[in-house]
Amino acid sequence: MAVEPVVYGASERPPRGDYERAHADYTCPQNWASYTDADHDTYRRLYARQTALLPGLACDAFIEALPSLGVRDRIPRFEEINERLKPATGWEIVAVPGLIPERPFFDLLANRRFPVTDWIRTPEEFDYIVEPDVFHDLFGHVPLLFNPVFADYVQRYGAGGLKAHDLGAGELLSRLYWYTIEFGLIRQPDGLRAYGAGILSSSSELKHSVTSQHPQRVKLDLLRCMRTRYKIDDFQATYFVIDSFKQLFDMTAPDFAPLYAAVRSLGELAADESSASDSLITLG
Ligand SMILES: [Fe+2]
């Protein structure tokens, strides 16, 4: 880590995944001036394509909150979003050079600071990118941080993550993040909808997750969820479904230590495995 973060100018481009430019807590300046016109255009086109896909597939809370991101025709300055986000829920977004280790990630969330990758994919990666970029992080994650109940859940998750890390259970807890914050589905009165950022920022998995007959959809149960491995290179074979963000918040109030012990004694499940105790959600 550099003692002082490096700030890049308009003619300089920070290399992707350059952690030398970050503070000790992995945050860094957004380096907004280094974005090119092509970068802003990539964001604008991603935003337009994804927004058109949302009706009937994204949850109401997400659609309502999306305008809070502000500008849609260029990459927003993070401080512009924070001017609205901080008063709304006490959260702020902070720039990071890419994925960060478990402990500092949990620590940021526990302190209501959401790490947002500051670089954007290349035009060649328009349809699919392996790592999260600024579009995934901003478009997928940040709107629901304006929702007070969901925002509280993410903070509670971070606090739980710090405990899990100390117990050597970070990987188990990461499955809850994956199956809720990244790939969660919610039942609304008018049907199943997506609230997970990995789905909401994907042009192909959004419709698949909500309408395909192929994946199994299981009512969220913490033990079941933490036993379940996940896929990072394909659509999810299993989605976990909630009825409300309040349900998420309430179910993560208890101490998870007994859960981790139960996961270890029962063993893991494959991403596409079913369990006799599953409460399945079928499409109407
Ligand atoms: Fe994400």
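Higher on the page you've got the structure.
These remarks concern the structure in this document. The model shown is predicted, which means the values in this text are computed figures rather than measured ones. (Residues numbered from 1 in each chain as written. Predicted model: local features only at pLDDT ≥ 70, side-chain atom pairs only at ≥ 80, totals over all residues. Heavy atoms only, no water.)

## A few points about the packing of helix α4 (residues 102-110) against helix α6 (residues 148-166)
1) Next: Two elements in contact, α4 and α6, have axes separated by 7 Å at closest approach and are oriented at 145°. Between α4 and α6 lies a crossing whose hand is left-handed. Along the contact surface, α4 presents E102, R103, F106, D107, L109 and A110, while α6 presents V154, Q155, Y157, G158, A159, G161, L162 and H165.
2) Next: Taken together, the residues that form the contact of α4 with α6 break down as 7 nonpolar, 4 polar and 3 charged. (Axes fitted to C-alpha atoms, helices over the stretch in contact; angles between N-to-C directions. Helix = DSSP H or I, 4+ residues; strand = E, 2+ residues; numbered from the N terminus. Left-handed = near helix turned anticlockwise from the far one by under 90°. Contact = heavy atoms within 4.5 Å. Nonpolar A, V, L, I, M, F, W, Y, C, P; charged D, E, K, R; others polar.)

## Describing the coordination of the iron ion
1) Next: On the protein side, the iron ion has H136 (NE2), H141 (NE2), E182 (OE) and E182 (OE) as donor atoms, found 1.9 to 2.8 Å from it.
2) Next: Donor residues for the iron ion sit on one chain with the sequence pattern H-x4-H-x40-E. One end of the pair, H136, is in helix α5 (residues 134-141); the other, E182, is in helix α7 (residues 170-182), and 46 residues separate them in sequence.
3) Next: Given the relative accessible area of 10%, H136 is considered buried.
4) Next: Residue classification places E182 among the buried positions, given a relative accessible area of 11%. (Donors = N, O, S within 2.8 Å, 3.2 Å for Na, K, Ca; no water. Buried < 20%, exposed > 50% of the residue type's maximum accessible area, 1.4 Å probe, protein only.)

## Let's talk about α7
1) Next: Along α7, 11 of the 13 residues are buried, which leaves the element largely enclosed by surrounding structure.
2) Next: Among all positions in α7, only G170, L172, L173, R175, L176, Y177, W178, Y179, T180, I181 and E182 are buried.

## Some remarks on the packing of aromatic side chains
1) Next: Enumeration according to the criterion identifies 20 aromatic pairs in this entry.
2) Next: Summarising the aromatic geometry, the rings of W178 and F183 are spaced 4.8 Å apart at their centres and angled 40° between planes, so their arrangement reads as tilted.
3) Next: You can call W178 buried: its relative accessible area is 16%.
4) Next: For F183, a relative accessible area of 7% gives the class buried.
5) Next: When the centroid spacing of 4.1 Å and the interplanar angle of 10° are considered together, the rings of W178 and Y230 count as stacked. A residue pair is termed long-range when its members are at least 10 positions apart, and W178 in helix α7 and Y230 in the loop between α10 (222-227) and β6 (238-242) qualify at 52 residues.
6) Next: Owing to a relative accessible area of 29%, Y230 belongs among the partly exposed residues under this scheme.
7) Next: Clustering of aromatic rings is evident, with ring pairs tying together Y43, Y47, F62, F135 and F139.
8) Next: Seen from the ring of W32, R77 lies directly overhead, with NZ or CZ sitting 3.7 Å from the centre. (Phe/Tyr/Trp six-rings, centres within 6.5 Å; stacked < 30°, edge-to-face > 60°. Lys NZ or Arg CZ within 6 Å of the ring centre and 35° of its normal.)

Spatial relationships are all this shows, so hold off on functional conclusions.
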